[in-house]
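So the chains spell out like this:
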Amino acid sequence: MNTQPKPKILVARAIFPEALAKLEESFEVRSNQADQIFTPAELQKELSMVVGALVAGSERIDANALALAKNLKVVANISVGYNNFDVPAMTSSGVMATNTPDVLTDTTADFGFALLMATARRIAESEHWLRAGHWDKWSIVNNPLGMDLHHSTIGIIGMGRIGQGIAKRALGFGMKVIYYNRSRLSETEEKACGATHVSKEELLRTADHVVLVLPYTANNHHTIGAKEIAHMKPTATLINIARGGIVDDVALAKALKEGKLFAAGLDVFEGEPNVHPDLLKLSNVVLAPHIASATEKTRRAMVDLAVENLRAALDGKKPPSLINQELFTG
Ligand code: DGY
């Protein structure tokens, strides 16, 4: 009989009950199925008691969070984006950082495209119009009139896996695909998604629909602000499924209000879960509560991958999606 105590881990947000039960077979789990987000002090205390943790974007893992975490070996993010991690602080504390790439690519690209369609074709606004009893005012000219996607130009900023997924979907709509990315794709990758690399300025100037899919970093803060919006067509739509902070939400709300931009579709916001009140007042913006990866199958796959990362790190193996690779010397 194994008399060894089970290693202690933290599951900082609610996860699927079966996934939790499976973890409990091998670990003593400090779970948070009530899903009350920890304060920084609570998180620091929780991390001081465990060897591994599963977290999401709501948990900021920085030097302060790690200050008492003497036995912590791994923090597994249930998310592909990891701007909630201070990776250098984690590395210098010897804490492996992992994320969940690949398993959400298609689901997130589907959502990006859905948000683009909803925004350009004013689907949410039209539904509100119908619910408000305006259908009897239907007319050739008086419906909420949208912008076409087919045969228009889509400009994608950030051409990683999800950006390429959106480009491939756009091809099916006969769209011209242009992109801007810090590093250019290989010729084969460009061909696979029919995309042409252009400067950011050219993209903003010529795209009918601009889709943001780049990771959040200090350098990418306010990639789209008043100056960039001024370069865009007043008939253009802007879609942000990347991260809050990539867009200056105040400048965006002002531009939308003043008719300098046709419409915006936003899944992410500065200061989530709060949304800037100016955005809430506008009808030409479609708002979603950070749900790009939210299908049952994909959220389960994300949790499973995060668990696989955590288990590997605690078993002395290389986690499949280790971010700070220098910590694995085995
Ligand atoms: C991610 O994985 O980064 C998504 O934004 C979470 O839904």
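Residues numbered from 1 in each chain as written. Predicted model: local features only at pLDDT ≥ 70, side-chain atom pairs only at ≥ 80, totals over all residues. Heavy atoms only, no water.

Some remarks on the sheet that holds strand E9 (residues 209–212)
What the seven strands build is an open sheet, ordered E8-E7-E6-E9-E10-E11-E12; its pairing is parallel. Because the sheet does not close on itself, it has two edges, and the strands there are strand E8 (195–197) and strand E12 (285–287). Each strand of the sheet is rotated relative to its neighbour by a mean of 20°, with strand direction disregarded. Taken together, the four bridges between E9 and strand E10 (residues 237–240) define a ladder with parallel strand orientation. Looking across to E10, one finds that Val210 is bridged to Leu238. Across the face of the sheet, helix H11 (residues 249–257) comes into contact with E10, strand E11 (263–266) and E12 while running at roughly 145° to E11. (Pairing = 2+ DSSP bridges. Helix = DSSP H or I, 4+ residues; strand = E, 2+ residues; numbered from the N terminus. Axes fitted to C-alpha atoms, helices over the stretch in contact; angles between N-to-C directions. Contact = heavy atoms within 4.5 Å.)

Details of the packing of helix H5 (residues 105–120) against helix H7 (residues 161–172)
At a minimum axis distance of 8 Å, the contact between H5 and H7 shows a crossing angle of 55°. Judged by the angle between their axes, H5 and H7 are oblique. Once H5 is placed against H7, the crossing between them reads as right-handed. Residues Thr105, Asp106, Thr108, Ala109, Asp110, Gly112 and Phe113 of H5 lie in contact with H7, whose contacting residues are Arg161, Ile162, Gly165, Ile166, Arg169 and Ala170. Taken together, the residues of the contact of H5 with H7 break down into five nonpolar, four polar and four charged. (Parallel < 35°, antiparallel > 145°, perpendicular 65-115°, else oblique. Left-handed = near helix turned anticlockwise from the far one by under 90°. Nonpolar A, V, L, I, M, F, W, Y, C, P; charged D, E, K, R; others polar.)

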